[in-house]
Amino acid sequence: MEVSYALASQCRWAAWAAAKAGAEVVQPDGAAAYLSELAKVPRAPEELSHSLADALARTRQAAGESWEEWRPVVEAVVELASHAAKSSPSSRPSTERQASAGKSGGNAFCALTRMATQFGLYWRHRCDPSSDRDTPQRCLAHALQAFHQAHWAQPPWRGTNLGGWFLLEPGPASPFFETCHAKIKEINGQSGKEEPSPAREAPQGLGDEWSLCAALRAAGGEELRRQLFDHHRAHHYTAETMRNIVQCGLNAVRLPFGYWVVQEPGAGEAYEGPCLEALDRAVALIEDVGALQLLLDLHGCPGGESGDRPCGRHDSSWSWERWRTDEAVKILAIVAARYCDKSCVTGIQVCNEPSERMPVGRLCDFYENAIEAVRGAGMSADKVAVVLPIFTHWRAPEVTDAWAERGNFMKYDNVVFDLHYYHNFSSIWNLLSHRQHVDVVACHALELKCLPHAMVGEWSTSRPGQFSEAEQADFARQQVLGYNHASHGWFFWNWHDHEFYTDWDMERGAFKTGRLPKPLGPSELQGFLRPEWEEDGRGGRERLLFPRFTWDPGPG
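Keep in mind the model is a prediction, meaning the values are calculated, not measured.

(A) Structural context of the overall build of the protein chain. Within the protein chain, the secondary structure is distributed over 18 helices and 8 strands. Radius of gyration (C-alpha) of the protein chain: 25 Å, near the 24 Å computed for a compact globule of 556 residues. Along the first, second and third principal axes, the C-alpha set of the protein chain runs to 85 × 50 × 40 Å. Within the protein chain, the proportion of its 556 residues that are buried is 58%. Across the protein chain, every contact between residues at least 6 apart in sequence was considered, and the portion connecting residues at least 24 apart equals 79%. For the protein chain, the accessible surface area stands at approximately 22,300 Å², while carbon and sulfur atoms represent 50% of it. A gap of 2 Å separates the mean positions of the 55 positive and 72 negative side-chain charges of the protein chain.

(B) Inspection of the pattern of salt bridges at higher detail. If you walk through the whole model with that rule in mind, you get 34 salt bridges. Here lysine 183 makes a salt bridge to glutamate 186, at a shortest N to O gap of 3.7 Å. A residue pair is termed a helical-turn pair when its members lie 3 or 4 positions apart in one helix, as lysine 183 and glutamate 186 do in helix α7 (residues 174-187) at 3 residues. On the basis of relative accessible area, lysine 183 is assigned to the partly exposed category, the value being 28%. Among the residues examined, glutamate 186 registers a relative accessible area of 55% and is labelled exposed. A salt bridge links arginine 477 to glutamate 524; its shortest N-O distance comes to 3.6 Å. Placement of arginine 477 in helix α16 (residues 469-483) and of glutamate 524 in helix α18 (residues 522-526) is noted, with a sequence separation of 47 residues between them.

(C) Molecular detail of empty space enclosed by the protein. Following the criterion strictly, the structure yields 4 cavities of 30 Å³ or more and no others. Empty space within the largest cavity amounts to approximately 80 Å³. Every residue lining the largest cavity is listed: Leu144, Trp403, Asn408, Phe409, Tyr412, Val415, Phe417, Pro452 and His453. For the lining of the largest cavity, the secondary structure elements donating two or more residues are α14 (408-411) and β6 (415-421). Class assignment for the residues of the lining of the largest cavity results in 7 nonpolar, 2 polar and no charged.

(D) Representation of the packing of aromatic side chains in the model. Inspection of every chain in the model, using the stated rule, returns 30 aromatic pairs. Considering the side-chain rings of tryptophan 210 and tyrosine 271, the 5.4 Å spacing of their centres and the 90 degrees angle between planes classify their relative orientation as edge-to-face. In this pair, tryptophan 210 sits in helix α8 (residues 209-235) while tyrosine 271 sits in the loop between β2 (252-258) and α10 (276-289), placing the two residues 61 residues apart along the sequence. By the burial criterion, tryptophan 210 is buried, and tyrosine 271 matches it. Each member of the aromatic cluster is reached from another via a ring pair, and the members are Trp323, Phe366, Tyr367, Trp403, Phe409, Tyr412 and Phe417. Cation over ring: arginine 12 sits above phenylalanine 147, and NZ or CZ is 4.3 Å from the ring centre. A cation over an aromatic ring shows up here: arginine 463 above the ring of phenylalanine 467, its NZ or CZ 3.7 Å from the ring centre.

(E) Structural view of the packing of helix α1 (residues 5-26) against helix α3 (residues 52-63). Closest axis-to-axis distance for the α1/α3 pair is 8 Å, and the angle between their directions is 165 degrees. Taken as axis vectors, α1 and α3 run roughly antiparallel relative to one another. In the crossing of α1 with α3, the sense of the turn from one axis to the other is left-handed. Residue-level contacts link Ala6, Leu7, Gln10, Cys11, Trp13, Ala14, Ala17 and Ala18 of α1 to Leu52, Ala55, Leu56, Arg58, Thr59, Ala62 and Ala63 of α3. Counted by class, the contact of α1 with α3 contains 12 nonpolar, 2 polar and 1 charged residues.

(F) Here's a closer look at the sheet that holds strand β8 (residues 489-492). Taken together, 8 strands build a closed barrel; the order of strands is β1-β2-β3-β4-β5-β6-β7-β8 and the barrel is parallel. On average, adjacent strands in this sheet sit at an angle of 25 degrees to one another, irrespective of strand direction. One ladder, built from 5 bridges, connects strand β5 (residues 385-391) with β6; its direction is parallel. Counterpart to valine 386 in the pairing with β6 is valine 415. On the sheet, helix α13 (residues 396-405) packs against β5 and β6 and is oriented at approximately 175 degrees with respect to β6.

(G) Region of interest: the UniProt feature "domain: Glycoside hydrolase family" (unreviewed entry) in the protein chain. The positions UniProt marks with the feature "domain: Glycoside hydrolase family" (unreviewed entry) are residues 237-498. Taken end to end, residues 237-498 comprises 38% helix and 17% strand; its first and last C-alpha atoms sit 15 Å apart.

(H) Representation of the confidence of the model for the protein chain within the structure. Mean pLDDT over the protein chain: 92, with 91% of residues reaching 70 or higher. Low pLDDT, under 50, characterises residues 536-556; the stretch is placed with 64 contacts to residues that sit more than four places away or in other chains.

The rules we used
Residues numbered from 1 in each chain as written. Predicted model: local features only at pLDDT ≥ 70, side-chain atom pairs only at ≥ 80, totals over all residues. Heavy atoms only, no water. Helix = DSSP H or I, 4+ residues; strand = E, 2+ residues; numbered from the N terminus. Rg over C-alpha atoms; globule rule 2.2 N^0.38 Å. Buried < 20%, exposed > 50% of the residue type's maximum accessible area, 1.4 Å probe, protein only. Contact = heavy atoms within 4.5 Å. Areas by Shrake-Rupley, 256 points an atom, 1.4 Å probe, with all protein chains shown as cover. Lys, Arg positive; Asp, Glu negative; His and termini not counted. Charge placed at Lys NZ, Arg CZ, Asp CG, Glu CD. Salt bridge = Lys/Arg side-chain N within 4 Å of Asp/Glu carboxyl O. 1 Å grid on protein atoms, 1.4 Å probe; cavity = no way out; pocket = protein on both sides within 12 Å on 5 of 7 lines; lining within 4 Å. Points joined across faces, edges and corners; volume = space filled by probe spheres on them. Nonpolar A, V, L, I, M, F, W, Y, C, P; charged D, E, K, R; others polar. Phe/Tyr/Trp six-rings, centres within 6.5 Å; stacked < 30°, edge-to-face > 60°. Lys NZ or Arg CZ within 6 Å of the ring centre and 35° of its normal. Axes fitted to C-alpha atoms, helices over the stretch in contact; angles between N-to-C directions. Parallel < 35°, antiparallel > 145°, perpendicular 65-115°, else oblique. Left-handed = near helix turned anticlockwise from the far one by under 90°. Pairing = 2+ DSSP bridges. UniProt positions renumbered as here; feature names shortened; annotations may be inferred. pLDDT = per-residue confidence, 0-100.

Encoded structure:
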């Protein structure tokens, strides 16, 4: 039996109220102190303080004519939450009511009871002064994961990035950089054919989209630049590309784009845009396939979310004050309103890789404003996830702690934190054996499982050192199974990359080499690195009470 988002939401608040009431019985002082803290949360959902009677009345209203069918499920959810808040982990209620509810509720019941149990454990640990600070947060994470599973109709993303299409980077768009370079040389009357090095990402001086746009304008004017970009945007990926992605067993694509695709570039900014009609055609292309979900990714914000080339321009003088977040919010609202009726669009990402120099408070302010703009523009929580990048796992505790202090995990639904897991860009990776790389993947999997909602927006099989083909295949599969622990899934970077970079090219480097089976099978799409972490958790047993992210690689 399926459960609507509206009914699942009210079941959540009923479980919350029951857990709160249970904690007030056994730990009145701790519960009173916590309720006092909740009262200070700005713009907190009113449901946080509802009585159980109020919550049940709202649940009955949401169920409507189906109330008698759902009543045993709701009663079992309430009983489990109350019991978990009051009792030891080793005990559990065993009632005829729960057996009846299980028969009528099916998979939704399993998810809702996991949610109820974890809410109860959350309240018990949150009100216990002897409990460590991390335990209740993990219980809350597992409760919210179960809530998502109860109502979300889409499978988790198992996808690839379409980088190099609507935001250009050397690598994914290297052929276009070479084409433009050749045109510039022709205009400048430079004779002689240049044979680029096989390892060359892009011609010298053309290291990002900004520099490419500026060079084209200087050489041939805006009309030439527009013609070249129009052709690239129309042909870089095609309907055949989308069919090939589906044939590999993938169900989603992440589409990075720069803000200049949506609106005129800012004064003095070199980008070619806007080109919303081209983005319309891309979305329609994906919609027509019928088997792909689409995550729209504002990869390059106004002013840049960093000074690195993934947001359109490498600029060593960049500072976080240049990031025009208010403008980014308006762009997200435009995109949300334009594509809210597209069934393929199941996610929108508010930026890509925010610089760690951006103060966490300002970052959270932007994220809150972005969520409200997207929801207000028609992308509702039951249909579209809003993705908020943490970027590197080193910043995960800082961002998630700040988010929790604002009460946002219970305030916003279907909001996902994005992490990018690359085994590159630091000399420490040169020291690791294959086993140690796999150990890191396991730690990342644990980190994902301990976040309420998470995805891996970018990963690859690239790493320094010499590894056998069997080790590379194992590395790819271990990452797939590890990242399957993320509530919302993962995306490989990229579908196509530079000819020299097979480890960053999913089509050539993962599927054509046989490192991943084509198509992906049930074990890759639905399997887990640690299946025991995904057990249903019914009966009041505490799950996943692990320490924070730690890693001791041990001997190689």
